[in-house]
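For reference, the chains in residue letters:
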Amino acid sequence: MAARWSALVRTAYLLTGDFHEAEDLVQTTLAKAYPQWRRIRDDTVAGYMRQALVNNNRSRVRRRRVVQLLTPFLPDTSAPADADQEPDVLVAALAALPERQRAVVVLRYWEDLSVEQVAHELGCSTGTVKSQASRALARLRTDPNLAGQADDLLGAL
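About the cut-offs
Residues numbered from 1 in each chain as written. Predicted model: local features only at pLDDT ≥ 70, side-chain atom pairs only at ≥ 80, totals over all residues. Heavy atoms only, no water. Phe/Tyr/Trp six-rings, centres within 6.5 Å; stacked < 30°, edge-to-face > 60°. Lys NZ or Arg CZ within 6 Å of the ring centre and 35° of its normal. Axes fitted to C-alpha atoms, helices over the stretch in contact; angles between N-to-C directions. Helix = DSSP H or I, 4+ residues; strand = E, 2+ residues; numbered from the N terminus. Parallel < 35°, antiparallel > 145°, perpendicular 65-115°, else oblique. Contact = heavy atoms within 4.5 Å. Nonpolar A, V, L, I, M, F, W, Y, C, P; charged D, E, K, R; others polar. Expected span 1.5 Å × (residues − 1). Buried < 20%, exposed > 50% of the residue type's maximum accessible area, 1.4 Å probe, protein only. Arc of directions from axis to C-beta. Core = buried A, V, L, I, M, F, W, Y, C linked by side-chain atoms within 4.5 Å.

*Asks:* Report on the packing of aromatic side chains, specifying residues and quantitative values.
*Replies:* One pass over the full model with this rule turns up zero aromatic pairs. Over the ring of Y109 we find R108, and its NZ or CZ is 5.7 Å from the ring centre.

Structural data, given as C-alpha cells:
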C-alpha cells in the first residue's frame, strides 16, 4: 500500500476537501483493512481500498454532522502541500456537492472507473450513478466560482 498511498490520499482529499482529514481517512481505512489483508486477492486490492475509502468517508460524514451541530464554529481547513496539482476552485466546488454526488464524480472521473465499477463500489444501480453524475456535473458547470472554466477544470479530473 506504500505505492498507492499518494493516490489514495489524493482521492480522499477530493472526497473530504481537507488534506489532513484525507490523510486520517486513508490511515483509518488501511488500519481497518489490515486484519482482512490475507483474504484480499492481489488483483482486487485497488478496488477494495477505494470502496473501503468511500465507505469510511460516509461514516466520517455521519459522525461529523453530530460534531458540527455541537460546535459553534467550523474548524479551519488547510490546503495540501501539493495544492498546485488540483485547482483549489475545483476542490471547493466538489466540497459543495452532496456526499454521494462527490463520491460518484471522484470515482468516475478522477479514478476513471466505469459506470458499472462505480455502481459496484457504491452499492447502487448504474442508473443511480449516471443520474448522480449528471446532476453533479450540471451543478459544477453552474458554480459561480468556476465561471467559464468549468469544462477545463473538469477535464483536470
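*Asks:* How would you sum up the packing of helix α6 (residues 115-122) against helix α7 (residues 126-141)? Please name residues and give values.
*Replies:* Look at α6 against α7: their axes get within 8 Å of each other, and the N-to-C directions meet at 105 degrees. Viewed along their axes, α6 and α7 adopt a mutual orientation that is roughly perpendicular. Judged by residue contacts, V115, E116, V118 and A119 of α6 engage T126, V129 and K130 from α7. When its residues are assigned to classes, the contact of α6 with α7 shows four nonpolar, one polar and two charged.

*Asks:* Tell me what's going on with α7, and back it up with residues and numbers.
*Replies:* If you check α7, its first and last C-alpha atoms are 22 Å apart, about what 16 residues at 1.5 Å a residue would give, namely 22 Å. Among all positions of α7, only V129, Q132, A133, A136, L137 and L140 are buried. The buried side chains of α7 occupy one side of the element, clustering within an arc of 130 degrees when seen end-on.

*Asks:* Any details on the nonpolar core? Residues and values, ideally.
*Replies:* Grouped together as the largest cluster of nonpolar side chains are 38 residues, with contacts concentrated most on L53, L94, V118, L122, V129 and L140. Breaking this core down by element, the ones donating at least two residues are α1 (5-16), α2 (19-33), α3 (45-70), α4 (88-96), α5 (99-110), α6 and α7. No other element matches the six residues that α1 contributes to this core.

In short, shape yes, function no, at least from these values alone.
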